[in-house]
Amino acid sequence: MANLSVKDVSKSFGGLMALDQVNLEVTAGAVHAIIGPNGAGKSTLLNCFVGRLKPDTGTVMFGDQPLLGLPPHRINQAGVARVFQTPEIFEDLTLVDNVMIPAFARRDGAFKLNALPSLSKQTDVRDHAEHVLEDVGLADSRNAIAGTLSRGDKRRLELAMCLVQDPRLLLLDEPTAGMSRADTNNTIDLLKKIGERGITKIVIEHDMHVVFSLAHRISVLAQGTVIAEGSPDEIKGNPKVQEAYLGGTH
Amino acid sequence: MAKFLRNDLVVLAIFAVVVLAMPIWLQPLGAGYPDLLQRFAIYGIFAIGFNILFGLTGYLSFGHAAFLGVGSYAAVWSFKLLSLNVIPAVMLSIVVAGLFAAVIGFICLRRSGIYFSILTLAFAQMSYNLAYSVLTPITNGETGLRVLRADPRVIDGMLGVDAKGVLVTDLFGISMSGYSGFYFCAAMLIIGFFFAMRIMRSPFGMMLKAIKSNQNRMSYTGFNTRPYALAAFVISGMYAGLAGALLAATDPLAGAERMQWTASGEVVLMTILGGAGTLVGPFLGAGIIKYFENIFSAFNQQALNQAFSFLPEWLQDIVVGVISPFVGEGWHLTLGVVFMLIVIFLPGGLMEGFRRLGRLFTSGGNGPDRRKAASPAAQPQAAE
Ligand SMILES: Nc1ncnc2c1ncn2[C@@H]1O[C@H](COP(=O)(O)OP(=O)(O)OP(=O)(O)O)[C@@H](O)[C@H]1O
Ligand SMILES: [Mg+2]
């Protein structure tokens, strides 16, 4: 089991300091929530973990492997999967295809010229994909085209695409945005269930119901800096957090 | 019906019968003669290969004629140095075009979208100009490379096969002109079609479609997308090389004009007209363009006047005046207009048109739940 440790990560866009000396320690197996007002730098921080952005300074270690500087596919192959704030799925493929593709990445690695075997004979991958679609509650529309799904369903599909890979670290950027209350609760249950498998998770959420039902630890980010960190109870009672976030925009 | 078409061998058998019977069923359309049939098969191969790159990955190359030209030169060199037998020529062309594609693809795939297209175009134009200038010793410049009686042909020499009379390419003694030439091209087309079908229905084909759909997601999913795109580029270059070899086999002469950007553009049109990303669309597009090219470019002012001689003279003049820019040399104008109409009204190409027609006839009973799975660009390859 590997910890994620983030040290002194800073990132500026032009004059804007999006991340300012961020430090974060995520224990293996834990659910770590990151909360904070809009524009606080939460998504930017995740972008630094998966290779979408390169921070100006700092280090990100996953276990004893440095993640900074690796291309995105190497980071994923190291066991890091991400659900994006705006769903990144294969819009014009079917749901099963969407989930089979990441399953192939896990099975075959970053590149394999698998050009002559028939897709219809890859039953192990297909069964696995359909099983995970069932877990997220999308089995009924497995042959629909992903682009036709609602925003909430796209998010569940993207979650399935991550889960099928059995990641060691799962990054979730607002996993329940756009979902109904019922679907949100289902997703919470699902995330709790996979928590038992010991996947480390980082969850960014605005929905405090989700945060407080899942998180073991919470970091509060505001204007690019971590202004508080602690257990859910500590965060609830922290006056600085009340001021910057809970009392502010919400 | 759709399920039955999932079986590769069934599809292959139907395709083979249709292709091999072309001399029969194209007869009433006035296209049942070997010269034109050979072109259908050869450009069909070119388009089927191009589709593996463009149709699956979405990378639009504007330089594939370069590989066609390289294939032709390699084949003629094989006829000169090795043997007039087409088998070594075909193999050499595929290998040389593949290597050439690996180098060009490696460089061009550093960029995507329009920049990729421009890079491929630039490389093809460079090849075209080099063939006319510094590479004249290899390409014989403007005259074109042809087979000569004095050529060494070492394999033929060793086997004691001596070309008598006219120099024609052969397949173990069967001359590659006329119908036997067509059947050889048709056999290559069927083999090429089979491999393309296997690729499209393999995990590799699925990855290529995923690259077209969302390349970002592919990276965050753990795939190194560049070797996938490069593999598709090289495979399509090899198909182009094969097509070039067959052009040389049926007419042992290679010239640089085969590498012109218009030839690269033509294969793009063929693929889009038939339906990019579909199995038979590119072949269909190639056939239709070559067929109408043949008809339209044969017309001239005189033929037009004759065709409309039943009209009163003043009307005849107007009609002929309006039509004549679109025929003969002006055939490309017609092609341009047709292409615009297709892109605007039927962006999925003719295969999309057939699918819409099919849906019109079958949608009576099971409309709504069908529609869910059948968004236009994405219907999994069942309907072909
Ligand atoms: N690629 C970029 N280029 C320029 N500025 C950016 C870029 N990405 C983010 N920013 C800016 O950095 C700041 C932090 O953005 P970020 O998306 O990380 O916020 P967030 O905490 O995820 O907010 P939200 O809750 O709205 O998703 C914002 O001011 C944003 O405009
Ligand atoms: Mg965000």
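A brief structural summary. (Residues numbered from 1 in each chain as written. Chains lettered and ligands numbered in written order. Predicted model: local features only at pLDDT ≥ 70, side-chain atom pairs only at ≥ 80, totals over all residues. Heavy atoms only, no water.)

Residues and elements named next belong to chain A. At 1.9 to 2.1 Å from the magnesium ion (ligand 2) lie its protein donor atoms, namely Ser43 (OG) and Gln85 (OE1). Highlighted residues: serine 43 in helix α1 (residues 42-50) and glutamine 85 in the loop between β6 (80-83) and α3 (95-108), separated in sequence by 42 residues. Take serine 43: its relative accessible area is 22%, and that puts it in the partly exposed class. The exposure class assigned to glutamine 85 is partly exposed, which follows from its relative accessible area of 32%. (Donors = N, O, S within 2.8 Å, 3.2 Å for Na, K, Ca; no water. Helix = DSSP H or I, 4+ residues; strand = E, 2+ residues; numbered from the N terminus. Buried < 20%, exposed > 50% of the residue type's maximum accessible area, 1.4 Å probe, protein only.)

Turning next to the nonpolar core. Ranked by internal contacts, the top residues of the largest apolar core, which has 143 residues, are Ile101, Leu157 and Leu170 of chain A together with Phe79 and Leu246 of chain B. Residues from two domains meet in this core; each of domain 1 (1-79 + 169-250) and domain 2 (89-150 + 157-166) of chain A gives at least three. Not counting the four nearest positions on each side in its chain, isoleucine 101 of chain A is found in contact with Phe90 and Leu93 of chain A together with Met206, Met207, Ala210, Met218, Thr221 and Phe223 of chain B. (Core = buried A, V, L, I, M, F, W, Y, C linked by side-chain atoms within 4.5 Å. Domains from an automatic or database assignment. Contact = heavy atoms within 4.5 Å.)

The next thing to look at is the site of ligand 1. Residue and element names in this part refer to chain A. Taken together, 13 residues form the shell around ligand 1, and within it Asn38, Lys42, Ser43, Thr44 and Gln85 come nearest. Within the side chain of threonine 44, one N or O atom sits 2.5 Å away from an oxygen atom of ligand 1. Protein chains shield 62% of the accessible area of ligand 1, which is 630 Å² for the free molecule. Counting residues per element, the shell around ligand 1 draws most heavily on α1, at three residues. Considering only residue class, the shell around ligand 1 consists of four nonpolar, seven polar and two charged. (Near = heavy atom within 4 Å. Polar contact = N/O pair within 3.5 Å; in protein donor to acceptor, adjacent residues only side chain to side chain. Areas by Shrake-Rupley, 256 points an atom, 1.4 Å probe, with all protein chains shown as cover. Nonpolar A, V, L, I, M, F, W, Y, C, P; charged D, E, K, R; others polar.)

Let us look at the pairing of strand β7 (residues 169-173) of chain A. Along a regular strand, successive side chains alternate from one face of the sheet to the other. Residues and elements named next belong to chain A. Most of β7 sits out of view: five of its five residues are buried. What you see with β7 is no split at all: Leu169, Leu171 and Asp173 on one side and Leu170 and Leu172 on the other are buried throughout. The sheet contact formed by β7 and strand β8 (residues 200-204) spans five bridges and is parallel. Among the inter-strand pairings, leucine 172 is bridged to a residue of β8, identified as valine 203. This β-α-β element, β7 to helix α6 (residues 181-195) to β8, shows right-handed connectivity. (Pairing = 2+ DSSP bridges. Right-handed = clockwise from strand over helix to strand, strands pointing away.)

On to the packing of helix α4 (residues 65-81) of chain B against helix α12 (residues 225-250) of chain B. The relative placement of two packed helices is expressed as an angle between their axes plus a distance between the axes. All names here are of chain B. At a minimum axis separation of 6 Å, α4 and α12 run at an interaxial angle of 50 degrees. Here α4 is positioned oblique relative to α12, judged by the angle of their axes. Considering the relative orientation of α4 and α12, their crossing is right-handed. Between α4 and α12, the contacting residues are Phe67, Leu68, Gly71, Ser72, Ala75, Val76 and Phe79 on the first element and Phe233, Gly237, Ala240, Gly241, Ala243, Gly244, Ala245, Leu247, Ala248 and Ala249 on the second. Split by residue class, the contact of α4 with α12 holds 12 nonpolar, five polar and no charged. (Axes fitted to C-alpha atoms, helices over the stretch in contact; angles between N-to-C directions. Parallel < 35°, antiparallel > 145°, perpendicular 65-115°, else oblique. Left-handed = near helix turned anticlockwise from the far one by under 90°.)

Before going further, it helps to spend a moment on the packing of aromatic side chains. Where two aromatic rings form a pair, the distance of their centres and the angle of their planes describe that pair. Residue and element names in this part refer to chain B. Evaluation of the coordinates by the stated rule reveals 19 aromatic pairs over all chains. Their ring planes at 40 degrees and their centres at 5.8 Å tell us that phenylalanine 296 and tryptophan 331 sit as a pair that is tilted. With phenylalanine 296 in helix α14 (residues 281-298) and tryptophan 331 in helix α17 (residues 331-345), the pair connects residues that are 35 residues apart, well separated along the chain. Overall, the relative accessible area of 23% leaves phenylalanine 296 in the partly exposed class. Given a relative accessible area of 4%, tryptophan 331 falls into the buried group. Site record: aromatic cluster; members linked through ring pairs are Tyr59, Phe67, Phe100, Phe116 and Phe233. (Phe/Tyr/Trp six-rings, centres within 6.5 Å; stacked < 30°, edge-to-face > 60°.)

Within the secondary structure layout, leucine 113 of chain A lies in the loop between α3 and α4 (123-135). Along the primary structure leucine 113 of chain A and lysine 7 of chain A are separated by 106 residues, whereas in three dimensions their C-alpha atoms are 39 Å apart. Every residue in contact with leucine 113 of chain A, bar those within four places of it in the chain, is listed here: Phe204 and Ala231 of chain B.

Contact residues are listed per partner, giving 29 residues for chain B and 41 residues for chain A. Interface area for chain B against chain A, summed over the two sides, is near 3000 Å², with a carbon-plus-sulfur share of 66%. The largest share of the area that chain B buries against chain A comes from Met206, Arg217 and Tyr220 of chain B, three residues that together contribute 25% of it. At the boundary of chain B with chain A, the tally comes to one salt bridge. A salt bridge links arginine 217 of chain B to glutamate 158 of chain A; its shortest N-O distance comes to 2.6 Å. (Buried area = accessible area lost by both parts, 1.4 Å probe. Salt bridge = Lys/Arg side-chain N within 4 Å of Asp/Glu carboxyl O.)

Moving on to the sheet that holds β7 of chain A. All names here are of chain A. With mixed pairing, the six strands of this open sheet are ordered in space as β6-β7-β8-β3-β9-β10. Edge positions in the open sheet fall to β6 and β10 (225-230), since each of these has one partner strand only. The mean inter-strand angle of the sheet, taken between neighbouring strand axes irrespective of direction, is 15 degrees. Across four bridges, the pairing between strand β3 (residues 31-35) and strand β9 (residues 217-222) is parallel. Among the inter-strand pairings, isoleucine 35 is bridged to a residue of β9, identified as valine 220. Its contacts with the sheet place helix α5 (residues 151-163) against β6 and β7, and it is angled at close to 175 degrees to β6.

With that out of the way, let us pick up α1 of chain A. All names here are of chain A. Counting buried positions along α1 gives eight out of nine residues, so the element sits mostly inside the fold. The complete set of buried residues in α1 reads Lys42, Thr44, Leu45, Leu46, Asn47, Cys48, Phe49 and Val50. Looking at the residues trailing α1, positive phi occurs at glycine 51, about 90 degrees.

All names here are of chain A. The phi torsion at glutamine 223 lies on the positive side, around 45 degrees, for a residue other than glycine. Relative to the elements of secondary structure, glutamine 223 occurs in the loop between β9 and β10. For glutamine 223, a relative accessible area of 72% translates into the label exposed.

By themselves, these figures tell us nothing about what the structure is for.
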